[in-house]
Amino acid sequence: MADVPTEAPEHCPGTQSDSAGKASACAGCPNQNICASGATKAPDPGIALVKERLECVKHKILVLSGKGGVGKSTMTSLLSRTLAADDPDRNVAVLDIDICGPSQPRVLGVLGEQVHQSGSGWSPVYIEDNLSLMSIGFLLASPSDAVIWRGPKKNGMIRQFLSEVDWGSLDYLILDTPPGTSDEHLSATTYLKGAGITGAVVITTPQEVALLDVRKEIDFCRKVNIPILGTIENMSLFVCPKCKNTAEIFPALTGGARQMAKDLDIEFLGAVPLDPLLARCCDEGKNPLTDMPESPAVAAVKNIVSRIVEKCEKNERNISSAE
Ligand code: ADP
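As the structure is a prediction and not an experimental result, all values here were calculated from the model.

(A) Structural context of the UniProt feature "binding site: ATP" (unreviewed entry) in the chain. When the UniProt feature table is mapped onto this chain numbering, "binding site: ATP" (unreviewed entry) sits at Gly66, Lys67, Gly68, Gly69, Val70, Gly71, Lys72 and Ser73. Relative to the elements of secondary structure, Gly71 occurs in the loop between β1 (57-65) and α3 (72-86). Gly71 sits in the buried class, given 23 other C-beta atoms within 10 Å. Apart from residues lying up to four places away in sequence, Gly71 is in contact with Ile203, Asn234 and Met235. Relative to the elements of secondary structure, Lys72 occurs in helix α3. Given 27 C-beta atoms within 10 Å, Lys72 falls into the buried group. Other than its neighbours up to four places away in sequence, Lys72 contacts Val63, Ser65, Asp176, Pro179 and Ile203.

(B) Just the packing of α3 against helix α11 (residues 296-322), in detail. Relative orientation of the contacting elements α3 and α11 amounts to 70 degrees, with a least axis distance of 9 Å. In terms of orientation, α3 and α11 fall into the roughly perpendicular class. Together, Leu78, Leu79, Thr82, Leu83 and Asp86 of α3 and Val301, Lys302 and Val305 of α11 make up the contact between the two elements. Of the residues in the contact of α3 with α11, the class split is 5 nonpolar, 1 polar and 2 charged.

(C) Up close: the site of the ligand. Contacts to the ligand come from 20 residues, most closely from Gly71, Lys72, Ser73, Thr74 and Ala279. For the shell around the ligand, the secondary-structure elements that each account for two or more residues are α3, β9 (228-239), β11 (268-274) and α9 (276-283). Of the residues forming the shell around the ligand, the biggest block, 5 residues, is contributed by α9. Per-class residue counts for the shell around the ligand are 9 nonpolar, 8 polar and 3 charged.

(D) Spotlight on the pairing of strand β6 (residues 131-135). Burial analysis of β6 places 5 of its 5 residues in the buried class, which makes it a mostly covered element. Of the two faces of β6, both are covered, the one formed by Leu131, Leu133 and Ser135 as well as the one formed by Ser132 and Met134. Of the pairings in the sheet, the one linking strand β2 (residues 92-96) to β6 comprises 5 bridges and is parallel in character. Along β6, the bridge assignment pairs Asp96 with Ser135. As paired elements, strand β5 (residues 125-128) and β6 share 3 bridges and run antiparallel to each other. Of the residues in β6, the one forming a bridge with Val125 is Leu133. Connecting β5 to the antiparallel partner β6 that follows it, the hairpin turn spans 2 residues.

(E) Looking closely at the environment of Ile308. Here Ile308 shows up in helix α11. Note: C-alpha distance between Ile308 and Leu269 (39 residues apart in sequence) is 7.8 Å. Setting aside residues up to four positions removed in sequence, Ile308 forms contacts with Val201, Leu229 and Leu269.

(F) Broad picture of unusual backbone geometry. The backbone of Met235 sits at a positive phi, close to 55 degrees, despite the residue not being glycine. By the secondary structure assignment, Met235 is in strand β9. Using a count of 25 C-beta atoms within 10 Å as the deciding quantity, one classes Met235 as buried. Backbone geometry places Asp265, a non-glycine residue, at a positive phi of 60 degrees.

Here is what the cut-offs are and how they apply
Residues numbered from 1 in each chain as written. Predicted model: local features only at pLDDT ≥ 70, side-chain atom pairs only at ≥ 80, totals over all residues. UniProt positions renumbered as here; feature names shortened; annotations may be inferred. Helix = DSSP H or I, 4+ residues; strand = E, 2+ residues; numbered from the N terminus. Buried ≥ 20, exposed ≤ 12 C-beta atoms within 10 Å, placed from the backbone. Contact = placed C-beta atoms within 7 Å. Axes fitted to C-alpha atoms, helices over the stretch in contact; angles between N-to-C directions. Parallel < 35°, antiparallel > 145°, perpendicular 65-115°, else oblique. Nonpolar A, V, L, I, M, F, W, Y, C, P; charged D, E, K, R; others polar. Near = placed C-beta within 6 Å. Pairing = 2+ DSSP bridges.

What follows is the structure in structure tokens.
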């Protein structure tokens, strides 16, 4: 009978490990020498580049969701449009790092625009005087191009996005991330380590299947030390545009995001109702703030933005008093 191995086969110890390049699993690996030299343990130079580039950006906010389809991109665009519209002196930008599904060019109405490269970096596309966007969607020949990208290529693109876009001076940079926790999140949080992340806004719908995934997202934030600004419950109620009667489309059997926020000790930023006119307006790249100012969804986002601004400004005051 063949011998049964008593130990698990040895794997790559990882480039950051003390035994990198020295473990028996490293024998024959093409990267053995570089790992053994310790070069892989040095901090990624991209972290310093990102810090330098984002020095003039006051608040960096990640928009996260556990699942696709809960309205993360819609909320990113609405939060950004509202932040910019509330104060003409406030400079706002959106960075769309949802590499496999970049929706921002469509919802912000700039599909098909081109980004230009100059001596000082890539110039974002301007939606308003004080609202700009950079998205992988501008760089792909076909929308399906990035779907086959692997981790290192995505990582390189995120590093470039964070270090090479010439945003100018910004008050808010809102990052639209892919659903779940993926390579893109790890890359973004790693590169933003030096520049600092103000916090994450987590989008969910009220039903338990969505909330379960959000709990994982919150867990991820806590593990990588990203402060959580709060959660938004999207599509929480349906308000009929004609009769204004309300109906619960996704029943919140476990108390919805409000109860989850309480359980996990995070702030409930607000609920945004499901409004079919909003879906159409965003799909057509129109601005809901000017096209449908009476929508209860627009009013709800306005309240949420005031809470986010309040939290960010408080955070800024705390940082400057600690300095
Ligand atoms: P995600 O980015 O989470 O995948 P999207 O923002 O693309 O989700 O939204 C998915 C669909 O739901 C889109 O067609 C969008 O217009 C629609 N949608 C999102 N939020 C609302 C809302 N509050 N009311 C109506 N439709 C919405």
